[in-house]
Amino acid sequence: MAALAHALLGIIPARCGLCRAINPNLCCSWRPLPNPSGFSISSRTHLANLTARSSRLNAAHTPTVHNASAPSTLEIPVTCYQLIGVLDQAEKDEVIKAVMDLKNSEVEEGYTENAIKSRQDLLMDVRDKLIFEPEYAGNSHENIRPKSALQIPWAWLAAALCLLQEVREVELVLDIGQAAIKHPDAKPYIHDILLSMALAECATAMIGFESNKVSQGFEAISRAQSLLRSKKSLEKISLLSKIDRAKTLCECLIASELTDLKLEEALTLFLLGKDNEAAVVEKLKKLDGSKNQLIQSLCKQGDLKLALQLFPHEPNPSQQTCELLILSCIRQDSLSDGLDVHRHLVDGGWDQDPFLATKLIEMYSELDSIENAREVFDKTRKRTIYMWNALFRALTLAGHGTEVLNLYRQMNTIGVSSDRFTYTYVLKACVVSEILSSLLQKGKEIHGHILRHGYGAHVHVTTTLLDMYARFGCVSCATSVFDQMQNRNVVSWSAMIACYAKNARPYEALELFRKMILEAPDLFPNSVTMVSVLQACAALAALEQGKFIHGYILRRGLDSTLPVMSSLITMYARCGKLELGQQVFNMIKKKDVVSWNSLISSYGIHGYGKRAIQIFEDMINHGVSPSHISFVSVLGACSHEGLVDEGKLIFQSMVRDHGLYPSIEQYACMVDLLGRANRLDEAAKVIEDMRIEPGAQVWGALLGSCRIHGNVELAERASKRLFELEPRNAGNYVLLADIYAEAKMWDEVKRVKKLLEARELQKVPGRSWIEVNRKIYSFDSVDEFNPQMEQLHALLGELSIEMKGRGYKPQTKVVLYDLDEEEKERIVLGHSEKLAVAFGLINTKNGETIRISKNLRLCEDCHYVTKFISKFTNREILVRDVNRFHHFRDGVCSCGDYW
């Protein structure tokens, strides 16, 4: 086998360092000198020891350095003859031939150019010393030994070790190398020194295996790996991968108890070069006995390629062998290898094993090959519940919810009983389909199945059921499921908190979190819980609550989780503390695209579009590729500041620079950007030229822009499509009615209101929140339960009189009813954000910032009134509506009246 390796590599055994390490007699022209007593690296100034004594050296060896005006030199305990691998006092012709052979031989890959050049210089220096300097050549007639030490520059040390390695002075290489690596003068040459030491350790391993000292061999291999991994530049050379592969193979051979292939033979073949791998494979194929253990070991070690080459040569593969091959294909994300495994299983008839068929479905699901997963299921005759569940999971992850529900019906028809995993997957299937509204009823039917079959008390099933209702927006159903749960884990609590946070019930989310802390002290909120809680704080602009949650996150050690940190950035920004959000961002060591997106969005909602664009560019410059959400964030920022031209350039860069095709969200941002800037014709043209079907978001952006600029014609066109796409969204009807009301088209207003009534839809009531002393207060225009309500109305009445005296005219066009002007004024004066501002004025200290959040867009009248109050009372007021932040100070809003 070794001869085969030499033939493949084109080298002779006498020049193979590893072979000479095993068999010294290969080099007939050379005999080793007696081991030197030691080596000295002496210093004229008697510097401290070069390094701690090597474990291979006796206590007498104390290395020192020569320091002169010239570069420092060192003495190594090597004769010139020893360095080139010839007999003591060899003839001149032998010396010249040995030098030239070494000079022309191939050097191990990985040495630096400096080391290779120094190697040539060192060889020529040695040749000259042996020919022209008697003290180095010695004299056999006079029985004078040649000089036993060689003084060389530090720059030549790596070259000397390289030569010693080639002439099999393994121990000496390690001794000198270990002593040298800690000396400061060796620093520029560490790469080559470590490489020589690693090669020496490989030779030591070979000797260990040859002597049947397996543990010593593995120890030497491990030391070689450590040496190569100790310096980054060495991690890239091929030797390390060869050593890793060799070690893996030897470990697999030991585990499989196949002894036909000797360890040293396998190790030699792998270390000598990659081209002869086929020889090893052929040898392994011909081994007698079961190869199951060997294939399994190779899979566990990550060597799928070799395992697959051996798999066809195992006549009776075990179930575990096949399973490990399938799992290895998943780990290495290799569909082609997965298809090979599947083909071998079919050829051997093992594909009808339900266990392996289930594993194949799981493999194809992980490798995004859903068609192959379906094929495995369809061709398997005996299907267990595990196979059904595997396919349900695969289809659900691929977004084929309707198909899952059809198969579930088929499964029930043939009498296969569901288990808890079945219910989990089919419930998730209900919310991954595009036709969500029709699948809510199906979800309720599955809820009935769960109760009838006794799974109503199973925490995993009921948590998934709760999450399904939450995703449909059925908060009352989700609450009912949660309240009836006998056992709740942290996932259950987190799911319910997320349900409230994502369905515009942030107050309830915070209350439930408080209840969780009090009622379930043994359950610790995780990162998912905290993300939802932070979202609730952000929705309410509850800064003090958010700071309290931040402290809790720090105490629980959750500040290392990127989703939590990104949510903290968003929370502080939406509570009006953009600078704190920036500080959190700066603290993140490894920023992902979500972190960058959070910061971009934060500056955007505050109206700092140019700063958001700068951060977007910084993200790209830091090597983070933008996602679709990145473009939504930066285009939204452009929209808030009216940066139309900049936004158009960024939109065009999606495909051109980043290979991302715009989705509905990015098109909606462009329509909003152009529409807000009163470039409605351009916005309509964007919709006409879309490469995909415009969705509700796109038409909604156009309708919102028509509301700002009073364009009735385009509004009617947009609303017609919205009524088809979202027949149950009351907001679209209200927007159209607003546009008609502003145009004094009262008959049309009445028509739209009748549509609302006929379809039993209700306008989402305006609601505002304010935080005072860590307590959240909620207001809406018909709220009569607040004990201070009379006082609030009185204060607003006084302010209205004061404002009118300074030229204020109430913006009553937002009232959709054909009423007299006085009644309209009374209605707009009772808007929820005005009540929240009045509450803040009464219940906070002078100079304290008032922070308010609102669930709808800030109306024109509230915007004007808040500007006046900020100037009249000398208070800073922050109002965050559904679109952006309004920072009122001294009668001016940060939005510049552009919102």
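Look a little higher up for the structure.
Peer 1: Looking at this structure, I do not really get the pattern of salt bridges. What am I missing?
Peer 2: Between side chains of opposite charge, a pair can form when the charged atoms approach closely. This structure, assessed with the given rule, holds 41 salt bridges. Residue Arg471 pairs with Asp467 through a salt bridge whose shortest N-O separation is 2.8 Å. One end of the pair is Arg471 and the other is Asp467, both in helix α25 (residues 459-471) and 4 residues apart, which spans about a single turn. Take Arg471: its relative accessible area is 57%, and that puts it in the exposed class.

Peer 1: I'm lost on the packing of aromatic side chains in this one. Help?
Peer 2: To describe a pair of aromatic rings, one takes the distance between the centres and the angle between the planes. Across all of its chains, the model carries 14 aromatic pairs by this definition. Relative to Trp596, the ring of Phe585 lies with its centre 4.9 Å away and its plane at 75°, an arrangement referred to as edge-to-face. Here the residue Phe585 occupies a position in helix α32 (residues 578-587), and Trp596 occupies one in helix α33 (residues 593-605), the gap between them amounting to 11 residues. Looking at Trp596, the relative accessible area reads 6%, which means it is buried. Note on Phe779 and Phe839: the rings are 5.2 Å apart at their centroids and 55° apart in plane angle, and the pair reads as tilted. Linking Phe779 in strand β4 (residues 775-780) with Phe839 in helix α45 (residues 832-843), this pair joins segments that are 60 residues apart in sequence. Given the relative accessible area of 3%, Phe839 is considered buried.

Peer 1: Explain the side chain of Ser705 here, please?
Peer 2: Position of Ser705 relative to the elements: it lies in helix α39 (residues 696-709). Apart from the residues within four sequence positions on either side, Ser705 is in contact with Val671, Asp672, Gly675, Arg676 and Leu680.

Peer 1: What exactly am I supposed to notice about the sheet that holds strand β8 (residues 892-893) here?
Peer 2: Pairing between the strands of a sheet is mediated by backbone hydrogen bonds and can be parallel or antiparallel. On the basis of which strands lie adjacent, the open sheet formed by 6 strands has the order β4-β3-β5-β6-β7-β8 and mixed pairing. Strands at the two margins of the open sheet, each flanked by one partner only, are β4 and β8. In the sheet, strand β7 (residues 885-889) pairs with β8 via 2 bridges, with the strands oriented antiparallel. The residue bridging Phe888 from the neighbouring strand is Cys893, located in β8.

Criteria and thresholds
Residues numbered from 1 in each chain as written. Predicted model: local features only at pLDDT ≥ 70, side-chain atom pairs only at ≥ 80, totals over all residues. Heavy atoms only, no water. Salt bridge = Lys/Arg side-chain N within 4 Å of Asp/Glu carboxyl O. Helix = DSSP H or I, 4+ residues; strand = E, 2+ residues; numbered from the N terminus. Buried < 20%, exposed > 50% of the residue type's maximum accessible area, 1.4 Å probe, protein only. Phe/Tyr/Trp six-rings, centres within 6.5 Å; stacked < 30°, edge-to-face > 60°. Contact = heavy atoms within 4.5 Å. Pairing = 2+ DSSP bridges.

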